[in-house]
Amino acid sequence: MTVSLTSSATSSGFTPFNAVSFQSTEQFHGAVRAQLAQDIEVLFAYAKLPSPLVDACRYVMTGQGKLVRPLIVASAFASINSGNSERTDERNDHIDTLNADLDSLLENDSDYDMSRRAALAVELLHTYSLVHDDLPCMDDDELRRGQPTAHIAFDEATALLAGDVLQTLAFEVLTAEMPTFAPFDADIASQLLAIFAPRARRMVSGQMLDLNAEASTNIAQNDLEAIHRDKTGALIEAAMLMGGVCAGATAPQRMALQECAQHIGLAFQVQDDVLDVTMSTDTLGKPAGSDEKLDKSTYVKLMGVDDATSYAQSLFNDGRAAISRELSSNQDNIGKNNDALLSLIEWLWSRKK
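Scoring rules and cut-offs
- Residues numbered from 1 in each chain as written.
- Predicted model: local features only at pLDDT ≥ 70, side-chain atom pairs only at ≥ 80, totals over all residues.
- Heavy atoms only, no water.
- Helix = DSSP H or I, 4+ residues; strand = E, 2+ residues; numbered from the N terminus.
- Buried < 20%, exposed > 50% of the residue type's maximum accessible area, 1.4 Å probe, protein only.
- Axes fitted to C-alpha atoms, helices over the stretch in contact; angles between N-to-C directions.
- Parallel < 35°, antiparallel > 145°, perpendicular 65-115°, else oblique.
- Contact = heavy atoms within 4.5 Å.
- Nonpolar A, V, L, I, M, F, W, Y, C, P; charged D, E, K, R; others polar.
- Patch = residues over 30% accessible without salt bridge, like charges linked within 9 Å, V, L, I, M, F, W, Y side chains within 5 Å.
- Areas by Shrake-Rupley, 256 points an atom, 1.4 Å probe, with all protein chains shown as cover.
- Salt bridge = Lys/Arg side-chain N within 4 Å of Asp/Glu carboxyl O.
- Lys, Arg positive; Asp, Glu negative; His and termini not counted.
- Charge placed at Lys NZ, Arg CZ, Asp CG, Glu CD.
- Polar contact = N/O pair within 3.5 Å; in protein donor to acceptor, adjacent residues only side chain to side chain.
- Core = buried A, V, L, I, M, F, W, Y, C linked by side-chain atoms within 4.5 Å.
- Phe/Tyr/Trp six-rings, centres within 6.5 Å; stacked < 30°, edge-to-face > 60°.
- Lys NZ or Arg CZ within 6 Å of the ring centre and 35° of its normal.

Caption draft 1: The environment of tryptophan 349, seen in detail. Looking at the secondary structure, you find tryptophan 349 in helix H19 (residues 339-349). Residue class for tryptophan 349 comes out partly exposed when judged on its relative accessible area of 27%. Expressed as a C-alpha distance, the spacing of tryptophan 349 and glutamine 313, which sit 36 residues apart in the sequence, is 7.3 Å.

Put into structure tokens, the structure is as follows:
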């Protein structure tokens, strides 16, 4: 599997994230966001959804989201892929000796294009969950990603169907024959589906457990963590593993990615609970204090702001340590340039929304 520029990237004039020589977190994340924005438009052109369904889908998929999950896919892909000496040598030999036209070269770029598919899949599934979470029957929120929620901007029926179709597209995109994408790699696609499907199910189960916990007055920390390892952590785990699989991660690398993701997924939720009570609505892009309004069980309610913040930091440290051990002990396999994933963890820790 070669790593090169993709036809979609070269035709639109931006550099794809697998071709970025990592200089800064901002630069790398900008490349990921640019690729994802283009791929979202390609997907909706392919899907041919009727109005107002397509309008609602585009509205929720192109808001000012953090895009954490596709960034995790891309960062895991970059960290595993960049140091694979065999693949690097193959790429250099390929570029140096092959004089075929670029379109022919790009047809074989299945690993990078599978990571694009994975990034789209996790963002589609995550956005569907937000659309449904905001509905009147759930959290009944009116603001998300700095703009009115889907059922406010359109109507409740359209929002419900938008969530439904985003969920189905999340799986379809892994094997769809879409313009600007190389043909899907059947082996990688089957591995991605095996990772993605059970964690999508766990995300929904976690949401149900979270709703059940709203009626509990004294939930224990272990029970709260069990909820969030599914509700929030499962999709973060999927994103990290899917990025690694697209880059050809070995079994030890996958184990390290999974351990890292389990810590990061829980840390992300603890951090969200803290931000909900310490940041403003304008900063968050959604109603501040909504957890308290809904009487949700949170880490802040359980342990206070300071202890919850310290706990989040310890979890981020554990996640960083889990992947750093694999990066440092398997340099021949994973390489020296591991900045993308480790920098992502630093970026997540420092976030304010």
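Caption draft 2: Quick peek at unusual backbone geometry. Here serine 51 and proline 52 are connected by a cis peptide whose omega angle stands at 5°. Here proline 52 shows up in the loop between helix H2 (25-47) and helix H3 (53-61). Even without a glycine there, the phi angle at leucine 67 is positive, about 60°. Following the sequence through the fold, leucine 67 ends up in the loop between H3 and helix H4 (68-82). Residue classification places leucine 67 among the buried positions, given a relative accessible area of 15%.

Caption draft 3: Up close: the packing of helix H11 (residues 221-231) against helix H13 (residues 251-278). Between H11 and H13, the shortest axis-to-axis distance is 9 Å and the interhelical angle comes to 110°. Judged by the angle between their axes, H11 and H13 are roughly perpendicular. On the side of H11, the interface is formed by Glu225, His228 and Arg229, while H13 contributes Gln262, Leu266 and Gln269. Looking at the contact of H11 with H13, its residues break down into one nonpolar, three polar and two charged.

Caption draft 4: How the structure looks around a negative patch on the surface. Taken together, Asp140, Glu142, Asp155 and Glu156 make up a surface patch of like negative charges. Within the fold, glutamate 156 resides in helix H9 (residues 156-172). Residue glutamate 156 is classed as partly exposed on the basis of its relative accessible area, which comes to 42%.

Caption draft 5: Region of interest: the side chain of aspartate 185. Relative to the elements of secondary structure, aspartate 185 occurs in the loop between H9 and helix H10 (186-213). Side-chain polar atoms of aspartate 185 contact the backbone nitrogen of aspartate 187, separated by 3.0 Å.

Caption draft 6: Seen up close, the nonpolar core. In this structure, Phe44, Leu192, Phe196, Met242 and Leu257 are the most contacted members of the largest nonpolar core, which totals 97 residues. Top element by residues in this core is helix H7 (residues 110-133). It accounts for eleven residues. Ignoring anything within four residues of it in the chain, the contact list for phenylalanine 196 reads Ala121, Val122, Leu125, Ala170, Phe171, Leu174, Leu235, Ala238 and Met242.

Caption draft 7: Structural detail: the packing of aromatic side chains. Counted under the stated rule, the structure contains five aromatic pairs. Aromatic pair phenylalanine 77 and tyrosine 112: ring centres 6.3 Å apart, planes at 55°, arrangement tilted. Of this pair, phenylalanine 77 sits in helix H4 while tyrosine 112 sits in helix H7; the two residues are 35 residues apart in sequence, bridging distant segments of the chain. Each member of the pair, phenylalanine 77 together with tyrosine 112, is buried. Directly above the aromatic system of phenylalanine 268 lies the positively charged group of arginine 351, at a separation of 3.9 Å from the ring centroid.

Caption draft 8: The side chain of arginine 202, seen in detail. Tracing the backbone through its elements, the reader meets arginine 202 in helix H10. There is a polar contact of 2.9 Å between the side chain of arginine 202 and the backbone oxygen of arginine 229. Those residues in contact with arginine 202 that sit more than four places away from it in its chain are Arg229, Asp230, Lys231, Ala234 and Glu237.

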